[in-house]
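Analysis of the macromolecular model
Here is what each chain is made of, one letter per residue.
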Amino acid sequence: MSHPDSAAPPVAPTTAPPGRRVDLRLVPAAAVAWAAAWVLTGPALDQARAVAVVAVAGAVAAGVVTALALRPPGRSRARSAGPPARWRGAGPRGAGMHAVLALACLAAVALGVHAQAARQAPLRALAGQGAHADLVGRVASEARPAVFGDGERWLVSVRQATARGIASATAGLVEVTADAPAPRFGATVAVSGVLRPVAGGDGPLARLAAAGPVAERAPPSALLRATHTLRSALLDVTEPLSAQARGLVPGVAVGDTSRVPEDVDEAMRVTSLTHVTAVSGGHFAIVVAALTALCALAGAPRTVRVVVIAVAAATFVLLVRPEPSVLRAAWTCAVALLGLALGRPSAGAPALAAAAAALLVVDPWLARSYGFVLSCAATAGLVLLAGPLARRLAPWTGRPLGFALAVPWAAQAACGPVLLLIDPHVPLTSVAANLLATPALVPATVLGLVATLLAPWAPALALPVAWLAGLATGWIAAVAKTFAAVPGARLPWPGGPFGVAALALLTVALLALVLRRPPGEGWRREWREAAPRAVRRVRRQVRRTAARHGRARTAAVAGLAGAALLTVLVVTVPRLAGAGHRPPTDWQVAACDVGQGDSLAVRTGPASAVVVDVGPDGEAAGRCLDRLGVTTVDLLVLSHFHADHVGGLAPVLRGRTVTAALVSPLDEPAGQAVRARSLLAAAGVPVQVASAGDGGTAGSATWQVLAASGGPPGAGQGGGDEGDGANDASVALELRTAGGLDVVALGDLEEAGQDALATELAASGRAADVDVVKMAHHGSRSQSATLARQLSPRVTLVSVGADNTYGHPTDDALTLYSSVGSALVRTDECGTAALVGRDDEIGLACG
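This structure is a prediction, so every number in the text was calculated from the model and none was measured. (Residues numbered from 1 in each chain as written. Predicted model: local features only at pLDDT ≥ 70, side-chain atom pairs only at ≥ 80, totals over all residues. Heavy atoms only, no water.)

1. Some words on the overall build of the chain
Rules: In this text, helices come from DSSP runs of H or I with a minimum length of four residues, and strands from runs of E with a minimum of two, each type numbered from the N-terminal end. Contacts between residues were defined by any pair of non-hydrogen atoms, one from each residue, lying within 4.5 Å. In this description, accessible areas are obtained by the Shrake-Rupley approach with a 1.4 Å probe, and a residue is regarded as covered only by the protein chains that are shown.
Looking only at helices and strands, one finds 25 helices and 27 strands in the chain. Restricting the contact set of the chain to residue pairs at least 6 apart, pairs at least 24 apart contribute 72%. Just so you have it, the chain exposes about 37500 Å², and 62% of that area is on carbon and sulfur atoms.

What follows is the structure, encoded as structure tokens:
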């Protein structure tokens with residue numbers, strides 16, 4: 001996910017001058033709206049409990065607001081470097097107005113949730129049933145690459161769903177994935193496929209893999225067609241430019257990141273520079289500032305300025321597409337313009353609070369949108385922290401540099417705990433990277449927008465303008481790559497609530513220490529003079545040392561100090577750098593990259609897993625488990641005894657606790673079976689021969705054997721078996737993780753064995769529509785279409801070597817599983833593929 005506004009200035013004024021109060025009177029109402037939206041849109045509470053929680057929260061909020069509003073005015077005793085908060089005692093009338101406003105926000109959000117839930121009910125029901133549906137709706141996003149495979153995905157705002165011959169009016173977003181090019185933004189389309197539900201959170205209610213072509217029923221509006229023309233023309237104009245300019249100029253200008261090079265995108269993510277292409281508050285600020293300057297030069301009156309900026313802002317929203325961070329910035333701009341029109345210029349805090357509350361009433365599910373949360377957090381950080389931090393830094397750096405440092409520092413402080421929920425790392429180079437890169441954002445944005453406006457009508461003029469914008473984006477890309485390459489650029493940090501709370505407390509403590517008001521003018525003078533004095537002291541000491549001991553000895557001491565520093569770096573840097581390439585801390589299923597072989601890990605605890613097969617001879621499987629942090633194997637499954645499945649057993653056993661092993665009933669090939677059993681016996685691992693129907697619990701996961709045939713040798717020869725029957729004697733296993741993922745591992749079953757398994761599963765009604773399947777036999781041509789349709793996995797893992805001579809995986813196997821709507825992940829392309837289940841979404845991390 002991108003990180004909007006992580007260092008970008010908001011639209012409205014962000015900081016109060018020294019001595020001016022920050023107006024926080026609308027903040028409680030916005031906080032109540034956010035809390036109500038969060039509770040009412042969550043999947044964990046039923047309606048009765050949610051209403052009770054909201055009612056209690058509303059009562060508490062009303063009491064707090066009343067108490068604050070009735071507090072008599074007076075001089076604040078807080079010793080803070082920042083502007084004092086403005087909360088003027090307003091008497092009973094003012095207290096009542098504040099309480100009523102907070103309760104009105106709560107009621108509006110509750111009504112909004114109820115009304116939208118009723119409209120979404122038919123779509124949610126169909127998705128919950130896994131129904132095949134024909135949907136009609138409007139395309140609500142630009143296309144993005146599919147998470148898996150080569151297709152594209154986009155959002156459709158559904159207005160009608162037809163299933164089983166019944167058409168229902170409904171509403172809600174559905175994420176559609178298709179191999180064909182995506183339709184234009186704003187077009188009305190019809191699409192068919194199987195709906196899969198998405199639990200909780202913001203965004204789509206369901207996902208659908210298009211079963212056929214996507215038909216365009218009606219084109220976008222004229223205005224949207226014009227914006228589409230502008231975006232397409234900009235892509236055409238930037239095509240001859242360098243790779244970074246071809247991707248970043250459209251990204252900075254209109255938010256189109258489809259061509260950003262992968263290395264640049266990763267570097268920007270590591271250095272928290274993704275706000276450059278996540279169009280939001282910073283871009284609005286640049287556009288509004290440029291238009292304001294032009295209006296001032298033209299001598300336009302206030303009313304004309306407001307109208308021009310409002311029209312331009314609305315058009316800009318359509319041009320860059322209404323993502324959550326864009327909507328937050330647009331509504332903040334709207335509040336600021338309203339204040340300007342009324343002759344009461346709006347400050348940052350009330351504008352942000354009013355915009356957030358209004359958006360949450362319109363769309364309560366934004367409370368769970370990472371983009372919206374990050375945008376509001378970054379803006380709040382700039383409003384409340386940038387000014388105080390700049391004043392603290394000014395004695396050391398001067399005012400301009402102090403403010404330049406304070407902006408990314410304030411945004412990072414506000415966004416850091418939230419970003420941990422997305423990626424459990426703390427970026428250590430983000431402030432420095434933003435300090436150097438942000439000045440180039442203004443020319444890149446302005447020139448990029450000028451090129452966008454010129455591109456459809458004067459491409460010859462647009463090209464040199466885009467080239468100039470590319471110079472600015474080139475600087476941004478260079479800064480991102482340089483700081484991303486710094487060893488230890490990302491500090492691994494605990495994820496989850498504990499990690500978020502720890503970072504938040506640390507951030508608050510550091511800010512309190514930095515922003516503490518110095519106790520007296522003498523201390524202030526020392527503060528201003530501390531840095532120069534320290535520098536002079538070091539220089540004097542160096543000169544004295546050189547004079548006393550001679551330059552040779554000083555050089556020797558310096559050399560020893562440098563060698564010591566180099567030693568520390570050599571020892572620590574690889575560890576820090578390596579830590580950043582580990583799989584996600586919350587991985588649930590991992591297909592290890594072991595070359596031409598199989599090794600699958602299904603997580604059962606913080607440091608434990610079920611391991612299915614161990615790959616060919618070598619250290620690959622053992623290294624993979626080390627990277628995954630697996631020190632205990634609750635169940636080791638050897639699907640069959642071919643070398644590409646059991647050859648890496650010794651490294652897997654070494655240094656790990658293996659609770660039990662489950663093996664194929666057929667000891668073929670005999671040599672490999674004897675070796676594997678000997679290693680297990682030497683390690684003291686209890687061994688059980690698998691039989692269909694066996695099952696149990698391994699840590700937090702449950703497992704059951706679906707098939708384990710000990711048929712006669714040669715049973716699978718017709719399907720491509722090696723002639724010993726071992727493939728069709730594979731242990732086929734079903735597992736369910738604590739996170740709710742259903743996983744089926746098929747070993748090397750051939751088509752006959754898969755057909756037999758499909759027949760048994762159909763009779764029992766089990767293992768239908770699973771989440772993950774490990775494709776049988778590395779994707780050989782011997783696959784059962786019946787079993788593929790029955791399992792209908794969301795993700796299919798193909799464990800295969802890049803340089804194998806077997807032709808694996810075959811096009812037929814890939815086409816088969818793709819046709820049932822499954823996303824294909826190959827270890828020869830992805831490396832070790834780690835899957836993460838979050839809110840009914842499956843995420844992929846390659847490495």
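2. Structural notes on the sheet that holds strand β23 (residues 772–774)
Hydrogen bonds between backbone atoms are what pair the strands of a sheet, whose relative direction is either parallel or antiparallel. Where we set the bar: DSSP-based pairing: two strands are paired if at least 2 bridges between them are found. Lines fitted to the C-alpha atoms define the axes, with helices restricted to the stretch that makes contact. Angles between their N-to-C directions range from 0 to 180 degrees.
Spatially, 7 strands are ordered β19-β20-β21-β22-β23-β24-β25 in an open sheet, and the strand pairing comes out mixed. The two strands at the open ends of the sheet, each matched to only one other strand, are β19 (695–698) and β25 (823–826). Averaged over all neighbouring strand pairs, the angle between strand axes comes to 20°, with direction disregarded. Inspection of the sheet shows strand β21 (residues 732–736) paired to strand β22 (residues 742–745) by 4 bridges, in the antiparallel sense. Residue pairing for β22: Arg736 is matched across the bridge by Asp742. The sheet contacts of helix α24 (residues 811–819) involve β23, β24 (795–798) and β25, and relative to β25 the element is tilted by about 140°.

3. What to know about the pairing of strand β5 (residues 152–163)
The pairing of strand β3 (residues 132–139) with β5 spans 6 bridges and is antiparallel. Within β5, the position partnered with Arg138 by the bridge is Ser157. In this sheet, β5 lies alongside strand β4 (residues 144–145) in antiparallel orientation, the contact comprising 2 bridges. The residue of β5 that forms the bridge with Arg144 is Arg153. The pairing of β5 with strand β6 (residues 166–178) spans 11 bridges and is classified as antiparallel. Note that in β6 the partner of Ala161 across the bridge is Ser168. The turn linking β5 back onto β6 is made up of 2 residues, and Arg164 within it adopts a positive phi angle of 55°.

4. Side note on the pattern of salt bridges
Quick note on the threshold: In what follows, salt bridge is the name for a side-chain nitrogen of Lys or Arg lying within 4 Å of a carboxyl oxygen of Asp or Glu. Relative accessibility decides the category of a residue: with a 1.4 Å probe and only protein chains considered, values under 20% of the type maximum give buried, values over 50% give exposed, and everything between is partly exposed.
Using the criterion set out here, one finds 18 salt bridges in the structure. For Glu239, the salt bridge is made with Arg259, and the minimal N-O distance between the two is 2.8 Å. Residue Glu239 is located in the loop between α4 (222–238) and α5 (243–254), and its partner Arg259 is located in the loop between α5 and α6 (262–270); the two are separated by 20 residues in the primary sequence. Two residues, Lys481 and Asp263, come together in a salt bridge whose shortest N-O distance is 3.1 Å. Remark: Asp263 occurs in helix α6 and Lys481 occurs in helix α15 (residues 459–484); sequence separation between them is 218 residues. Under the relative-accessibility criterion, Lys481 is labelled partly exposed at 39%.

5. What to know about the packing of helix α12 (residues 399–420) against helix α13 (residues 430–437)
Rules: Our angle categories are set so that under 35 degrees counts as roughly parallel, over 145 as roughly antiparallel, 65 to 115 as roughly perpendicular, and the remainder as oblique. What makes a crossing left-handed is the near helix being turned counterclockwise from the far one by less than a right angle; a clockwise turn instead makes it right-handed. Asp, Glu, Lys and Arg are counted as charged, while Ala, Val, Leu, Ile, Met, Phe, Trp, Tyr, Cys and Pro are counted as nonpolar; the rest, among them Gly, fall into the polar class.
Relative to each other, α12 and α13 sit at 130°, their axes nearing to 9 Å. Relative to α13, α12 is oriented oblique. By crossing handedness, the relation of α12 to α13 is classed as right-handed. Along the contact surface, α12 presents Leu401, Ala404, Leu405, Pro408, Trp409 and Gln412, while α13 presents Ser430, Val431, Asn434 and Leu435. Broken down by class, the residue content of the contact of α12 with α13 amounts to 7 nonpolar, 3 polar and no charged.

6. So, empty space enclosed by the protein
As a reminder of what qualifies: Two kinds of site are reported from a 1 Å grid over the protein atoms alone, namely cavities, where a 1.4 Å probe fits but cannot get out, and pockets, open sets with protein on both sides within 12 Å along at least five of seven lines, and residues are called lining when an atom falls within 4 Å of a point. Grid points are joined across faces, edges and corners, and a volume is the space filled by probe spheres set on the points.
Enumeration over the complete set of coordinates arrives at 2 cavities of 30 Å³ or more. The computed volume of the largest cavity comes to approximately 50 Å³. Lining the largest cavity are Ala591, Asp598, Ser599, Leu600, Val612, Asp613, Ala745, Gly747, Lys774 and Ser799. Counted by class, the lining of the largest cavity contains 4 nonpolar, 3 polar and 3 charged residues.

7. Regarding the side chain of Thr810
Mapped onto the fold, Thr810 is located in the loop between β24 and α24. When its relative accessible area of 16% is taken as the criterion, Thr810 is described as buried. In this structure, Thr810 is in contact with Gly779, Ser780 and Arg781, ignoring residues within four places of it in sequence.

8. Some details on the state of the cysteines
Put simply, the test is: The rule for a disulfide is simple: a pair of cysteine sulfur atoms within 2.5 Å.
Scanning the model with the defined rule gives 2 disulfides in all. Note on cysteine connectivity: Cys592 is disulfide-linked to Cys624, with sulfurs 2.0 Å apart. Because the torsion about its S-S bond is -75°, the bridge between Cys592 and Cys624 counts as left-handed. You can see Cys592 sitting in the loop between β12 (589–591) and β13 (600–605) and its partner Cys624 sitting in helix α18 (residues 620–628), a full 32 residues away along the chain. By relative accessible area, which is 0% here, Cys592 ends up buried. Judged by its relative accessible area of 6%, Cys624 is buried.

9. A closer look at the nonpolar core
Keep this limit in mind: The term nonpolar core refers to a set of buried residues drawn from Ala, Val, Leu, Ile, Met, Phe, Trp, Tyr and Cys, joined through side-chain atoms within 4.5 Å.
Counting residues in each nonpolar core, the largest one holds 29 residues, and the members touching the most others are Trp587, Leu628, Leu636, Leu638 and Leu680. Taken together, the elements giving at least two residues each to this core come down to β14 (608–612), α18, β15 (632–638), α20 (649–653), β17 (661–663) and α21 (670–682). Looking at this core, the element that brings in the most residues is α18, giving 4 residues. Setting aside residues up to four positions removed in sequence, Leu628 forms contacts with Pro583, Trp587, Ala590, Cys592 and Ala601. In this structure, Val602, Ala698, Val795 and Ala833 belong to the second largest nonpolar core, which totals 28 residues.

10. Let's talk about unusual backbone geometry
The omega angle of the peptide bond from Glu668 to Pro669 is -10°, so this bond is cis rather than trans. Assignment of secondary structure puts Pro669 in the loop between β17 and α21. Its identity as a non-glycine residue notwithstanding, Asp613 has a phi of 70°, on the positive side. Here Asp613 shows up in the loop between β14 and α18.

11. Focus on the side chain of Thr604
Rule in force here: Under this definition, polar contacts are N or O atom pairs within 3.5 Å; protein pairs additionally need one hydrogen-donor-capable and one acceptor-capable atom, and for neighbouring residues in sequence, both atoms have to be side-chain atoms.
By the element assignment, Thr604 lies in strand β13. Classification of Thr604 by relative accessible area gives buried; the value is 4%. Side chain to side chain, Thr604 and Ser608 meet in a polar contact 3.0 Å long. One polar contact links Thr604 to Asp634, side chain to side chain, over a distance of 2.5 Å. For Thr604, the residues in contact, after removing those within four places along its chain, are Ala609, Val610, Asp634, Ala698, Gly699, Ser700 and Ala701.

12. Focus on the confidence of the model for the chain
Low pLDDT means the predicted coordinates in that region are not meant to be read closely. Condition: The predictor reports its confidence for every residue as pLDDT, a score running from 0 up to 100.
Residues of the chain with pLDDT of at least 70 account for 75%, and the chain-wide mean is 77. Within the chain, β14 carries the highest mean pLDDT (94), whereas strand β2 (residues 85–86) carries the lowest (46). Predicted confidence is poor over residues 1–16, with pLDDT under 50, and the contacts of this stretch with residues over four places away or in other chains come to 78 contacts. Here residues 712–721 is a poorly scored stretch, pLDDT under 50, and it has 24 contacts once near neighbours within four places are set aside; other chains count.

13. Looking at helix α16 (residues 496–515)
Because an α-helix completes one turn every 3.6 residues, residues spaced three or four positions apart along the sequence face the same direction. Applied cut-off: To estimate the expected span of a helix, count its residues, drop one, and scale the result by 1.5 Å. Comment: arc refers to directions from the helix axis out to C-beta atoms.
With 20 residues, α16 should cover 28 Å at 1.5 Å per step; its first-to-last C-alpha distance of 28 Å lies within 8% of that length. Looking at α16, one finds that the buried residues are Gly499, Val500, Leu503, Thr507, Leu511 and Leu515. Each buried residue of α16 lies within a common arc of 110° when the element is viewed along its axis, so the set occupies one face. Those residues of α16 that are exposed and angled more than 90 degrees off the buried face are Pro497, Phe498, Leu505, Val508 and Leu513. Those residues of α16 hidden inside the fold are in contact with α11 (370–397), α12 and β10 (425–427).

14. With respect to the environment of Leu791
Inspection of the secondary structure puts Leu791 in helix α23 (residues 785–791). Once the C-alpha coordinates of Leu791 and Val773 are considered, the two residues, 18 residues apart in sequence, prove to be 7.9 Å apart.

15. Observations concerning a nonpolar patch on the surface
Put simply, the test is: Patch building starts from residues that exceed 30% relative accessible area and form no salt bridge, then joins like charges within 9 Å and nonpolar side chains (Val, Leu, Ile, Met, Phe, Trp, Tyr) within 5 Å.
The grouping of Val442, Val446 and Val450 at the surface amounts to a nonpolar patch, some 190 Å² of accessible area in total. Take Val442: it is sitting in helix α14 (residues 441–454).

16. Concerning the pairing of β22
Of the two faces of β22, the one holding Asp742 and Val744 and the one holding Val743 and Ala745 are both buried throughout. Where β21 folds back on β22, the antiparallel hairpin that results is connected by 5 residues, among which Gly740 adopts a positive phi of roughly 95°. Here 3 bridges tie β22 to β23, and the two strands are oriented parallel to one another. Within β23, the position partnered with Val743 by the bridge is Val772.

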